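Each chain, letter by letter, is given below.
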Amino acid sequence: MATTVGVIFSSINEEDIPELTKVRSTGAVPFGGRYRLVDFTLSNMVNSGITSVGMITKNNYHSLMEHLGSGKNWDLARKEGGLNLLPPYSGETETLYKNRLEALKGSMAFLRKAKEDFVVLADSDAIYKFDYSKVIEAHIKNNADITMVYHEHKVEGSHYYLTFETDKNDKITDIQINPQSDGIKKCYINVMVARTSFLLRLIQNAIQHGYTSFGRDILSPGVKTLNLYAYKFDGYYANISSLYSYFNANMDLLKSGVRNELFGDRSIYTKVNDSAPTKFSETASVKNSLIADGCLIEGTVENSVLFRGVKIGKGAVVKNCILMTDDIIGENCKLSYVISDKNSVIRDKSVLAGCEKYPYFINKGSLI
Amino acid sequence: MLRKKECVAMLLAGGQGSRLYALTSNIAKPAVSFGSKYRIIDFPLSNCINSKIDTVGVLTQYQPLVLNEYVGNGQPWDLDRTFGGVHILSPYEAKTDTSWYKGTANAIYQNITFIKMYDPEYVLILSGDHIYKMDYNMMLNAHKETGADCTIACLKVPLKEASRFGILNTDENGKIYEFEEKPKNPKSDLASMGIYIFTASKLYKYLEEDDKDPSSDKDFGKNILPKMLAAGEKMYSYRFEGYWKDVGTIASLWEANMDLLGLTPNFELSDRENVIYSRSPLAPPAFVEGEVKNSIVATGSEIGGKIINSVIGSNCIVEKGAEVKDSVLMGNITVKKGAKIRYSIIDEDVTVCENAEIGGEKEVCAGMAGKTSGIAVLGRGITVGKNLKVPAGEIVDKDM
């Protein structure tokens, strides 16, 4: 079996969700009641048989480090391989990396040491469950230089998108960056497979030529010069590229189909906490909601995702909300379409409402 | 510097717990689920780490597989240490004498070498079948202050129940002058909690002597403690005031679970100062669609039906149209639509099929004569078929 090393970009695309990444890196954004975004990519790697993972970080990676710890929750606390945090490296002439290519440059030492034949590069801003070893199989079969994973969906405006065309053998024939046309496209999901040695040569070459963009300077011209192949992922996929998509992806977990696909076999790993089980009082009323451990519910909750330790006061009505760890909602509050970051306190009788497209966001540790 | 530990804890976890019937037919009592996401052993283990005691020997004997796997390397309790930590101690084969643990004292005696590895001044003896939160360090301080050779933790129990316990008769300073194991006519209401601190050298001495006594039952309560008292050793009581429950019977296990419910419960689990640690299952948050009142629900469960006054463990599925009332569901249980569960304890991995009825109304059945005081019990891993009935107080340990 081919051996594979993983590299995760934990800080890429931070600017897409500034509300949530102000205090943490993308990978550390809380999700789905008890997870952080990085859990999905990291668990996918582990479940694909990858036992050595490099985690490229940038700034504000304290909560990410706290979450990952030694990696033991992902079975990645190993003597050989395991989880390696790759903090930004800057030499005398360099500053903090600005793009994916510079970020990769910082991880070259890690990749050079890696004994694995193949490398999977992936971002940490997406929710999906996927066995990367299938891409490796296809990569070997196609004798590809790089295999890029795509998902077919509608192109949205704000995000930096890479789409491509393929021939009937999945060979990439054209790459477009930020296409203007709407409609369903083959959208690259920032998961890429290459031989480790090939990727190292590619980065080395890019440094020598002063390239700055992986997409524009390497992949786009590579359509003609390299063997670029595509691999289709057709499971559930949600990219977190705005507060709106963050909200929707959380709400998707209320659908049993999505829940089953992601969590059915209980293999999305995360940091384990020791909260007591959730308590429902005599006055609690809960419909269609995901409730993590350690909550105390005395009010009404509908269509919502509650993280650990959330308290819902008597008479409070919470609908279509995402309430993060240790939020306290006072008595008789009315909340709808609210995303409240951790440790916030909403005083009694407050009324807060956003709308579906623009959920009302409450900063970490607010008192309202 | 020689490495040593001031206090080593020895946790007696070998008991069968025969009065839990089907719940302990395949697993040791300390491994029985409790409070939706815990096992009984989580309480003494968490108490140890919360009391800064980081060296614990767990003595197992009866059906230890689940318990061994659960305790593992002790990581959930922060007891994975390079020096100290948690160690499973099973009976072993020795050159001269090989035997099962013959009693509580003999179990400790057979593991004296383990204790001596850490050269402790004090040894704390615990049992693995009680639900409580306690700072053993305060007890240890009391032991040091009185200069006792042995300190026994005790609490007040109703006098009419006192004959079920070891009863301590003490003077006004807490010094014990008499110890009676399960007396017919108790003279006091101070019951031993089965928690002892010994000054290590005294413990070694009495265990060694007791081992040579062929008439001894090799039991702390029956032999060691009375012998120490008779020899005039200093023995003190340590008063514990707080929640403590022996969950050795079906009725007391049910009650202890129910003690967790309510806004001001008899026993509070969500206390961030003294966290009860457990090996948490890897599961998404609970999904709640139905009606849940006055209950606790653990992670990974999917609740479509009605849950009233109940404790629901991890990964339970209660389908739409199913009802669970006044019951304990331990974990990984499926209750299909139309099924009704009342006043019951359901062990792990059980499936209750469509329209089956388990147990009877609490108001009618509570206190009924029989092994379980009216509580219906379904043993681990069984399936109850469609439309079948399990009457109140019945224990079922086979598919039906």
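Basis of the calculations
- Residues numbered from 1 in each chain as written.
- Chains lettered and ligands numbered in written order.
- Predicted model: local features only at pLDDT ≥ 70, side-chain atom pairs only at ≥ 80, totals over all residues.
- Heavy atoms only, no water.
- Helix = DSSP H or I, 4+ residues; strand = E, 2+ residues; numbered from the N terminus.
- Rg over C-alpha atoms; globule rule 2.2 N^0.38 Å.
- Buried < 20%, exposed > 50% of the residue type's maximum accessible area, 1.4 Å probe, protein only.
- Contact = heavy atoms within 4.5 Å.
- Areas by Shrake-Rupley, 256 points an atom, 1.4 Å probe, with all protein chains shown as cover.
- Pairing = 2+ DSSP bridges.
- Buried area = accessible area lost by both parts, 1.4 Å probe.
- Salt bridge = Lys/Arg side-chain N within 4 Å of Asp/Glu carboxyl O.
- Polar contact = N/O pair within 3.5 Å; in protein donor to acceptor, adjacent residues only side chain to side chain.
- Nonpolar A, V, L, I, M, F, W, Y, C, P; charged D, E, K, R; others polar.
- Axes fitted to C-alpha atoms, helices over the stretch in contact; angles between N-to-C directions.
- Left-handed = near helix turned anticlockwise from the far one by under 90°.
- Phe/Tyr/Trp six-rings, centres within 6.5 Å; stacked < 30°, edge-to-face > 60°.
- Domains from an automatic or database assignment.
- Arc of directions from axis to C-beta.
- Core = buried A, V, L, I, M, F, W, Y, C linked by side-chain atoms within 4.5 Å.

Caption draft 1: Region of the structure containing the overall build of chain A. Of the regular secondary structure elements, chain A holds 10 helices and 28 strands. What you see for chain A is a C-alpha radius of gyration of 21 Å, in line with the 21 Å of a compact globule of 368 residues. Counting only C-alpha atoms, chain A reaches 65 × 50 × 40 Å along its principal axes. The buried share of chain A, reckoned over its 368 residues, is 57%. Within chain A, counting contacts between residues at least 6 apart in sequence, those at least 24 apart form 58% of the total.

Caption draft 2: Examining the overall build of chain B more closely. Broken down by element type, chain B carries 9 helices and 31 strands. The C-alpha atoms of chain B give a radius of gyration of 22 Å, which matches the 21 Å a tight globule of 400 residues would have. The buried share among the 400 residues of chain B stands at 59%. For chain B, long-range pairs separated by at least 24 residues make up 59% of all intrachain contacts whose partners lie at least 6 apart in sequence. In the structure as shown, chain B presents an accessible area of about 16200 Å², 48% of it carried by carbon and sulfur atoms.

Caption draft 3: Examining the pairing of strand β1 (residues 4-9) of chain A more closely. Residue and element names in this part refer to chain A. Here β1 lies mainly inside the structure; 6 of its 6 residues are buried. Side chains of β1 alternate between two faces, with T4, G6 and I8 and V5, V7 and F9 buried alike. Across 6 bridges, the pairing between β1 and strand β6 (residues 118-123) is parallel. Residue pairing for β6: F9 is matched across the bridge by D123. Looking at chain direction, β1 and strand β4 (residues 52-56) are connected through 4 bridges and run parallel. When the bridges of β4 are listed, V7 appears paired with G54.

Caption draft 4: Broad picture of the interface of chain A and chain B. Taken residue by residue, the interface counts 38 residues in chain A and 41 residues in chain B. Across the chain A to chain B interface the summed buried area is about 3000 Å²; carbon plus sulfur atoms make up 50%. Applying the counting criterion to the chain A and chain B interface returns 3 salt bridges. Between E302(B) and R259(A) there is a salt bridge, with its nearest N and O atoms 2.8 Å apart. At the junction of chain A with chain B, the criterion picks out 20 residue pairs in polar contact (both at pLDDT 80 or more). Here the residues of the side of chain A that touches chain B are counted per class, giving 15 nonpolar, 12 polar and 11 charged.

Caption draft 5: Representation of the sheet that holds strand β25 (residues 338-340) of chain A within the structure. If you trace the 11 strands from one edge of the open sheet to the other, you get β28(A)-β25(A)-β22(A)-β19(A)-β16(A)-β14(B)-β17(B)-β20(B)-β23(B)-β26(B)-β29(B), paired in mixed fashion. If you trace the sheet from one side to the other, it starts and ends with β28 (360-362) of chain A together with β29 (383-384) of chain B, each paired once. With 2 bridges connecting them, strand β14 (residues 286-288) of chain B and strand β17 (residues 302-303) of chain B associate as parallel partners. Residue pairing across strands places V288(B) opposite I303(B), the latter belonging to β17(B).

Caption draft 6: Focus on the packing of helix α6 (residues 200-211) of chain B against helix α7 (residues 220-230) of chain B. Residues and elements named next belong to chain B. Look at α6 against α7: their axes get within 10 Å of each other, and the N-to-C directions meet at 115 degrees. Between α6 and α7 lies a crossing of right-handed hand. Taken together, the residues of α7 that come into contact with α6 (itself represented by K202, L203, Y206, L207 and D210) are F220, N223, I224, K227 and M228. Broken down by class, the residue content of the contact of α6 with α7 amounts to 6 nonpolar, 1 polar and 3 charged.

Caption draft 7: Local environment of the pairing of strand β8 (residues 150-156) of chain B. All names here are of chain B. Most of β8 is tucked away: 6 of the 7 residues are buried. As defined by bridge partners, β8 adjoins strand β11 (residues 190-199) across 6 bridges and the pair is classed as antiparallel. Its bridge partner lying in β11, I152 is registered against Y196. Strand direction decides the pairing type here: β8 and strand β12 (residues 235-239), joined by 5 bridges, are parallel. Bridging across to β12, C150 finds its partner in M235.

Caption draft 8: Looking closely at the packing of aromatic side chains. All names here are of chain B. Evaluation of the coordinates by the stated rule reveals 29 aromatic pairs over all chains. Each ring, one from Y132 and one from F240, has its centre 6.4 Å from the other, and the planes form 85 degrees; the classification is edge-to-face. One end of the pair, Y132, is in strand β7 (residues 130-132); the other, F240, is in the loop between β12 and β13 (244-246), and 108 residues separate them in sequence. Residue Y132 is classed as buried on the basis of its relative accessible area, which comes to 0%.

Caption draft 9: Up close: the domain arrangement of chain A. All names here are of chain A. Assigned domains of chain A: these are domain 1 (4-263) and domain 2 (279-362). Relative to domain 2, the C-alpha centre of domain 1 lies at a distance of 33 Å. Listed as interface residues are 20 residues of domain 1 and, on the opposing side, 22 residues of domain 2. In this assembly, domain 1 packs against domain 2 so that about 1700 Å² is buried in total across both faces, 72% of it on carbon and sulfur atoms. Contact with domain 2 buries area across many residues of domain 1, yet Y244, F247 and L254 alone supply 35% of it, more than any other trio. On the surface where domain 1 and domain 2 come into contact, there are 1 salt bridge. Close ionic contact of D341 with R24 constitutes a salt bridge, the shortest N to O distance being 2.8 Å.

Caption draft 10: Highlighting the environment of D78(B). Structurally, D78(B) can be placed in the loop between α2 (65-71) and β5 (85-89). Judged by relative accessible area, which is 45%, D78(B) ranks as partly exposed.

Caption draft 11: The arrangement of helix α6 (residues 133-142) of chain A in detail. Residues and elements named next belong to chain A. Of all the residues in α6, the buried ones are V135, I136, A138, H139 and N142. With its buried residues spanning 165 degrees around the axis, α6 presents them on a single face. Exposed positions of α6 whose direction lies more than 90 degrees from the buried face are E137 and K141. Residues of α6 that are buried in the fold lie against β1, β6, β8 (146-154), β11 (184-195) and β12 (228-232). Positioned one or two residues after α6, N143 has a phi angle of 55 degrees, which is positive.

Caption draft 12: Spotlight on the nonpolar core. All names here are of chain B. L45 and M134 are the most contacted members of the largest nonpolar core, which has 75 residues in total. With 6 residues, helix α8 (residues 250-258) is the single largest residue contributor to this core. Filtering out sequence-adjacent residues up to four positions away, L45 remains in contact with L11, V56, V58, V71, W77, L79 and V86.

Caption draft 13: Here's a closer look at the sheet that holds strand β15 (residues 285-287) of chain A. All names here are of chain A. The strand order across the open sheet formed by 5 strands is β15-β18-β21-β24-β27, and the pairing between neighbours is parallel. Of all strands in the sheet, those with a lone pairing partner are β15 and β27 (351-353), marking the two edges. Each strand of the sheet is rotated relative to its neighbour by a mean of 5 degrees, with strand direction disregarded. Bridge count between strand β24 (residues 334-336) and β27: 3 bridges; the pairing is parallel. Within β27, the residue paired with K334 across the bridge is V351.

Caption draft 14: Main features of the side chain of T26(A). Summarising the element assignment, T26(A) is placed in the loop between α1 (18-21) and β2 (30-31). T26(A) has contacts with S10(A), S11(A), I12(A), N13(A), E14(A), T21(A), L37(A), S124(A) and D125(A), leaving out every residue within four places of it along the chain.

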